[in-house]
Amino acid sequence: MRAIRLTGPYQVEIVDLPDAPLGERDVRLRSIVSAISHGTELNTYRGTAPLDKKRFDPELRTFVPDPEATGYPATLGYEIVSEVVETGAAVTEVAVGDLVHTGTPHQDMTVTSPDDYLGFYPMVKLPDHPTHEPGLFASLAAVALQGVHDAAIKVGDVVTVHGAGAIGLMTIQLAVTSGATVIAVEPSAERRAEAEKAGARLVLDPAENDGLVGYGIAKALKGRSPDVAIETSGSYHGLQGAISAAGMAGQVVALGFYQGGGTPLRLGEEWHHNRITMRSSMGVWDCPHRSYPAWDRPRMMRTVVDLLYSGRLRTDFMPVQHHPFDHAAQVYADLAASPVDHLKTAFDYRHGSGADGS
């Protein structure tokens, strides 16, 4: 097996691993395509994830001192489409030849179990489809669905979505499906156009109105406030914009994995003056859904796969750039240098495969 290992900031290697034995509840998967998370993975790649000299204790639910912690070596990836090539004797959920999505790292072969997903993205069987593109969005679609659930959107609500990357574009669609009118806020002109395709009624550039996003939203709504502001970019500029848009006693739902100190935040402005409530939307690291046990991680994954493969959650207008797995080091370097130029990036494990991922 070959896998990606991050040995330090900006240091990607492809390493050889021994073949893993197959237990009775295990499946062996041959990788087809895997998607790169432009948020979590790039933060780990750059060395900005909060894992230096501290670690997250899942029992205490807090970061604790750990002088030996560096966060390296680290695996990367949690969104992969594979073919089942072998199953253990006690596996009934999938069969040889099935296509599945798993939240496992980038590597060309994987041994895992339908039972073992460590609170992240459980294995889910994928329907037949002309391409593998919908499956590449499953994990991020679950992030978007979690955010829309946490926002508790009602029919007739006005929702602002701050950031029109892959998660933001799916959040826009899910909010519209939930009965909301959506205003999207995005600095990239190309992504603003994609936000319109996703169903946003109005798209705004956060640089307008001297960068006062809340003022721009207030003008667009003729003095009214949105019912909820959803931040999907993972940037503090985006978070400040969402806070400024939320209005008196408003709610901000934050989906992003924020890094370092929040210098762009101006908590003495709308945060303080409007008594804003902010809700972190987190569906992994063993955080239960707020409607658990009615909603759990397997149900979330089954739901987003159904939405993606039925066409109710569209990805056809979201460009995916495919690269050979062997080019991993250069791909991460290019993404880190110009993330806004890449909406969705994937590794292709098939020799001589086309760029369309079919």
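Residues numbered from 1 in each chain as written. Predicted model: local features only at pLDDT ≥ 70, side-chain atom pairs only at ≥ 80, totals over all residues. Heavy atoms only, no water.

You can read under Sequence similarities (unreviewed entry) in the UniProt record for the protein chain the words "Belongs to the zinc-containing alcohol dehydrogenase family." UniProt annotates the protein chain under Cofactor (unreviewed entry) with the comment "Zn(2+)". (UniProt positions renumbered as here; feature names shortened; annotations may be inferred.)

Colleague: What is the right way to look at the sheet that holds strand E15 (residues 277-280) in this model?
Modeller: Sheet strands pair by backbone hydrogen bonding; their relative direction is either parallel or antiparallel. With respect to topology, six strands assemble into an open sheet ordered E12-E11-E10-E13-E14-E15, the strand pairing being parallel. Each edge of the open sheet is held by one strand with a lone partner, namely strand E12 (202-204) and E15. Going across the sheet, the axis of each strand differs from the next one's by a mean of 20°, ignoring polarity. Two elements, strand E14 (residues 251-254) and E15, share four bridges in a ladder whose sense is parallel. Its bridge partner lying in E15, Ala 254 is registered against Ser 280. Contacts from helix H3 (residues 138-151) reach strand E13 (228-231), E14 and E15 within the one sheet, and its direction differs from that of E14 by about 160°. (Pairing = 2+ DSSP bridges. Helix = DSSP H or I, 4+ residues; strand = E, 2+ residues; numbered from the N terminus. Axes fitted to C-alpha atoms, helices over the stretch in contact; angles between N-to-C directions. Contact = heavy atoms within 4.5 Å.)

Colleague: Can you walk me through the pairing of strand E10 (residues 158-162) in this structure?
Modeller: The two faces of a sheet get side chains in turn, since along a regular strand they alternate between them. Of all five residues in E10, five are buried; the element is thus mostly enclosed. Across five bridges, the pairing between E10 and strand E11 (residues 181-185) is parallel. Its bridge partner being in E11, Val 159 is matched across the sheet by Val 182. In the classification by handedness, the crossover that spans E10, the intervening helix H4 (residues 166-177) and the parallel E11 is right-handed. Across four bridges, the pairing between E10 and E13 is parallel. In the sheet register, Thr 160 faces E13, and the bridge partner there is Ala 229. (Buried < 20%, exposed > 50% of the residue type's maximum accessible area, 1.4 Å probe, protein only. Right-handed = clockwise from strand over helix to strand, strands pointing away.)

Colleague: Help me understand the environment of Ile 14, please; the structure alone is not making it clear to me.
Modeller: With respect to the element layout, Ile 14 can be found in strand E2 (residues 11-16). Given a relative accessible area of 31%, Ile 14 falls into the partly exposed group. C-alpha of Ile 14 to C-alpha of Ala 329: the two residues are 315 residues apart in sequence and 8.4 Å apart in space. Those residues in contact with Ile 14 that lie beyond four places of it in its chain are Arg 2, Ala 3, Ile 4, Phe 325, Asp 326 and Ala 328.

Colleague: Could you clarify how one ought to interpret the packing of helix H7 (residues 236-245) against helix H8 (residues 267-274) in this entry?
Modeller: Close contact between H7 and H8 brings their axes to 9 Å; oriented N to C, the two are set at 35°. In this structure, the crossing between H7 and H8 has a hand that is left-handed. Seen from H7, the contacting residues are Gln 240, Ile 243 and Ser 244; seen from H8, they are Glu 269, Glu 270 and Trp 271. (Left-handed = near helix turned anticlockwise from the far one by under 90°.)

Colleague: For this particular structure, what's the right way to read the packing of aromatic side chains?
Modeller: The way to describe two aromatic rings as a pair is by their centre distance and the angle between their planes. Within the structure shown, the criterion is met by ten aromatic pairs. Note on Phe 56 and Trp 285: the rings are 5.6 Å apart at their centroids and 75° apart in plane angle, and the pair reads as edge-to-face. In this pair, Phe 56 sits in strand E4 (residues 54-57) while Trp 285 sits in the loop between E15 and helix H9 (297-310), placing the two residues 229 residues apart along the sequence. An angle of 10° between the planes, with centres 5.4 Å apart, marks the rings of Tyr 78 and Tyr 121 as stacked. Remark: Tyr 121 occurs in the loop between strand E8 (109-112) and strand E9 (124-125) and Tyr 78 occurs in the loop between strand E5 (62-65) and strand E6 (80-87); sequence separation between them is 43 residues. Members of the aromatic cluster, each reached through a chain of ring pairs, are Tyr 10, Tyr 45, Phe 325, Tyr 332, Phe 347 and Tyr 349. Against the face of Trp 295 rests Arg 299, its NZ or CZ located 3.6 Å from the ring centre. Directly above the aromatic system of Phe 137 lies the positively charged group of Lys 344, at a separation of 5.0 Å from the ring centroid. (Phe/Tyr/Trp six-rings, centres within 6.5 Å; stacked < 30°, edge-to-face > 60°. Lys NZ or Arg CZ within 6 Å of the ring centre and 35° of its normal.)

Colleague: Which parts of the structure should I look at to understand empty space enclosed by the protein?
Modeller: In total, this model carries two cavities of 30 Å³ or more according to the counting rule given. Counted as a void, the largest cavity has a volume near 50 Å³. For the lining of the largest cavity, the class distribution of residues is five nonpolar, two polar and two charged. The computed volume of the second largest cavity comes to approximately 40 Å³. Along the walls of the second largest cavity sit Val 81, Leu 99, Leu 126, Pro 127, Asp 128, His 129, Thr 131, His 132 and Tyr 309, which together make up its complete lining. (1 Å grid on protein atoms, 1.4 Å probe; cavity = no way out; pocket = protein on both sides within 12 Å on 5 of 7 lines; lining within 4 Å. Points joined across faces, edges and corners; volume = space filled by probe spheres on them. Nonpolar A, V, L, I, M, F, W, Y, C, P; charged D, E, K, R; others polar.)

Colleague: How do you make sense of the domain arrangement of the protein chain when you look at a structure like this?
Modeller: Frequently, the measure chosen for interface size is the accessible area that the parts lose on association. In terms of domain boundaries, the protein chain breaks down into domain 1 (2-126 + 319-348) and domain 2 (140-280). Once you take the C-alpha centre of each, domain 1 and domain 2 turn out to be 29 Å apart. Taken together, the contact between domain 1 and domain 2 spans 14 residues of the former and 13 residues of the latter. Counting across the domain 1 and domain 2 interface gives zero salt bridges. The tally of links from domain 1 across to domain 2 stands at five residue pairs in polar contact (both at pLDDT 80 or more). (Domains from an automatic or database assignment. Salt bridge = Lys/Arg side-chain N within 4 Å of Asp/Glu carboxyl O. Polar contact = N/O pair within 3.5 Å; in protein donor to acceptor, adjacent residues only side chain to side chain.)

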